[in-house]
Amino acid sequence: MSPAFGAMEVEHYAKGVLLEPFLHQVGGHSCVLRFNDKTICKPLIQREHLFYETLPAEIRKFTPQYKGVVSVSFEEDEDGNLCLIAYPLNGDQDNLENVDYSECSEPKSKLSRWSHKKALMLENDNLTKERLRQHRKEDKMKSHKLDEEFDWVKNSEVLYYSVEKKGNVSSQFKHNPWSMKCHQQQLQRMKENAKHRNQYKFILLENLTCRHQVPCVLDLKMGTRQHGDDATEEKKANQIRKCQQSTSAIIGVRVCGMQVYQTGTGQLMFMNKYHGRKLSVQGFKEALYQFFHNGKNLRRELIEPVIKKLTELKVVLETKDSYRFYSSSLLIIYDGKEAQEVPMDSDPEDLEDLSEESSDESAGAYAYKPSKNKPLASTVDVRMIDFAHTTCKFYGEDSIVHEGQDTGYIFGLQNLIAIIKEIRDENIE
């Protein structure tokens, strides 16, 4: 174990870390959870785990940092609410040297309240019994309201949420619809399997959004083929159909999810994969424009760094023999909010609730204003994620061994770079 982790941090983690929805997940079907500010976790899939443990150094700079494996189970509180808890895998901390335990969610109080909720609240908060009852009543009302909201958002493909023009906008990321959906589905799956299994392995990965105040995230499904070599005939046919009916077959890339802060309207926009599948090539280009625009101006200072990183990734993949990144995604991330916009006297507590407002979708091609305070290189990130169907000859056990480059993925990168260059050239001041 790293000497940087003292006894307090180890003890803190050994009691269990309460996992929360990762509110910046915009695509994928696997549930991504927040472990702490710098770390997320997701269900372990053997092939993806193998990829992270064996990936070449040249590719590593284009993927999240791998931080180890934890055991995850769920527990039920006295009101029937399910929570996911992470514990060390077989008590072994050696593989978790990159995890900063001091930034974990405070698990002790949240875990204790499941068995000693009343006593804990009375002791620590000096709540009377009447106040305690009122507190629980308010919690149930909030939960009911959230359930109603979820019923509406889970069927919507493009959503707009209004945020205040002052204060800490990042504190208002509470209702990302895709994150809510994946979290609810994961809990349901684990609940249904509870009688047979209540321990799952999850991998820990770097939180790529942690350096940004308000992350703008674009999730792109890469390649002309999405099904893995081990796919059933039904799965294969389904994935082929999705590719043929979307931009994947034409340009090797499609929108799988998007989250953008629009400073011009003070709104957050969410786009899910179902909308992304319907886009034409022109619609795909317009979605990219929307990702880089804030309603006031195109964020041109982000475009060249994105092109540069995509080109570097393309060069790396062109040298990799046998790798196939089927169904993998590519994330483009930047900060949609800048520090100088926040008034010095603003109170984050004033921004407790996130309200919804309808918006004219035709007006929504927006992103954010350039920052003069941040180095250009740190304002944008490009990373590959999701390797559940990745294969290469070094795995050894795969019945199918591919030769040469992943031409479908590289084809998608070529077209992505070309379209972003078109956006740049068509919007020169």
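Each remark here, short or long, concerns the structure printed above.
What you see is a predicted model, and the numbers here were worked out from it, not measured in a lab.

Before going further, it helps to examine the sheet that holds strand β2 (residues 33-36). An order of β1-β2-β3-β7-β4-β5 is seen for the six strands of this closed barrel, with the pairing classed as antiparallel. Between one strand and the next, the sheet's axes are offset by a mean angle of 45°, whatever the strand orientation. Direction of pairing for strand β4 (residues 66-76) relative to strand β7 (residues 200-206): antiparallel, over a ladder of six bridges. In the strand pairing of β7, G68 is matched with L204. Lying on the sheet, helix α6 (residues 177-192) is in contact with β1 (17-21), β2, β3 (39-43), β4, β5 (82-88) and β7; it crosses β5 at an angle near 80°.

Right, let's talk about the packing of aromatic side chains for a bit. Under the definition given, this model contains twelve aromatic pairs. Ring geometry for Y52 versus Y66: centroids 6.1 Å apart, planes at 15°, classification stacked. With a gap of 14 residues between them, Y52 in helix α2 (residues 46-54) and Y66 in strand β4 connect regions that are remote in the sequence. Between Y323 and F325, the ring centres sit 5.6 Å apart and the planes meet at 5°, which makes this aromatic pair stacked. A connected cluster of aromatic rings, assembled from ring pairs, spans F51, Y52, Y66, Y323, F325, F387, F394 and Y409.

Here we take up the packing of helix α11 (residues 300-318) against helix α12 (residues 407-426). Contact geometry for α11 and α12: axes closest at 10 Å, N-to-C directions at 160°. Accordingly, the angle class assigned to the pair α11 and α12 is roughly antiparallel. The two elements α11 and α12 cross, and the hand of that crossing is left-handed. For the pair α11 and α12, contact is made by I303, E304, V306, I307, L310, T311, L313, K314, L317 and E318 and by Y409, I410, L413, Q414, L416, I417, I420, K421, I423 and R424, respectively. Per-class residue counts for the contact of α11 with α12 are 13 nonpolar, two polar and five charged.

So, about the pairing of strand β14 (residues 380-385). Along a regular strand, successive side chains alternate from one face of the sheet to the other. Burial runs high along β14: six of the six residues are buried. Across the two faces of β14 the burial is the same, with V380, V382 and M384 and D381, R383 and I385 all buried. Note that strand β12 (residues 329-335) and β14 share six bridges and pair antiparallel. Looking across to β14, one finds that I332 is bridged to V382.

Turning to helix α7 (residues 233-244), a few remarks are in order. Taking 1.5 Å per residue, twelve residues should reach 16 Å; α7 reaches 16 Å between its end C-alpha atoms and fits that length. The complete set of buried residues in α7 reads Q239, K242 and C243. In an axial view of α7, the angular spread of the buried residues amounts to 100°, which keeps them on one side of the axis. More than 90 degrees from the buried face of α7, the exposed residues found are E233, E234 and Q244. In this fold, the buried residues of α7 make contact with α8 (248-251), β9 (253-262) and α9 (273-278).

On to the pairing of β4, then. Among the eleven residues that make up β4, eight are buried, leaving the element largely enclosed by the rest of the structure. Where β4 and β5 come together, seven bridges link them in antiparallel fashion. Following the sheet pairing, E75 is matched in β5 by C83.

Our next topic: α11. Here α11 spans 28 Å end to end across 19 residues, near enough to the 27 Å set by a 1.5 Å rise per residue. By the burial criterion, the buried members of α11 are E301, L302, I303, P305, V306, I307, L310, L313, K314, V316 and L317. In this structure, the buried residues of α11 make contact with α3 (57-60), β11 (324-326), β12, β14 and α12.

The next point concerns the side chain of R299. Within the secondary structure, R299 sits in the loop between α10 (281-291) and α11. On the basis of relative accessibility, which here comes to 2%, the residue R299 falls in the buried class. Of the polar contacts made by the side chain of R299, one reaches the backbone oxygen of D335; its length is 2.6 Å.

Another aspect to go through is the environment of N198. Inspection of the secondary structure puts N198 in the loop between α6 and β7. Exposure remark for N198: the relative accessible area of 28% places this residue in the partly exposed category. Beyond its immediate chain neighbours, meaning those up to four positions away, N198 contacts V72, S73 and F74.

Taken as a whole and assessed by the stated rule, the structure comprises 20 salt bridges. A salt bridge links E20 to R34; the nearest nitrogen and oxygen atoms lie 3.8 Å apart. Taken together, the residues span a long stretch of sequence, with E20 in strand β1 and R34 in strand β2 at a distance of 14 residues. Note on E20: relative accessible area 24%, which makes it partly exposed. Here R34 falls in the buried class, since its relative accessible area comes to 19%. One salt bridge connects E301 with R299, and the closest N-O pair in it is separated by 2.8 Å.

Rules used in this analysis
Residues numbered from 1 in each chain as written. Predicted model: local features only at pLDDT ≥ 70, side-chain atom pairs only at ≥ 80, totals over all residues. Heavy atoms only, no water. Pairing = 2+ DSSP bridges. Helix = DSSP H or I, 4+ residues; strand = E, 2+ residues; numbered from the N terminus. Axes fitted to C-alpha atoms, helices over the stretch in contact; angles between N-to-C directions. Contact = heavy atoms within 4.5 Å. Phe/Tyr/Trp six-rings, centres within 6.5 Å; stacked < 30°, edge-to-face > 60°. Parallel < 35°, antiparallel > 145°, perpendicular 65-115°, else oblique. Left-handed = near helix turned anticlockwise from the far one by under 90°. Nonpolar A, V, L, I, M, F, W, Y, C, P; charged D, E, K, R; others polar. Buried < 20%, exposed > 50% of the residue type's maximum accessible area, 1.4 Å probe, protein only. Expected span 1.5 Å × (residues − 1). Arc of directions from axis to C-beta. Polar contact = N/O pair within 3.5 Å; in protein donor to acceptor, adjacent residues only side chain to side chain. Salt bridge = Lys/Arg side-chain N within 4 Å of Asp/Glu carboxyl O.

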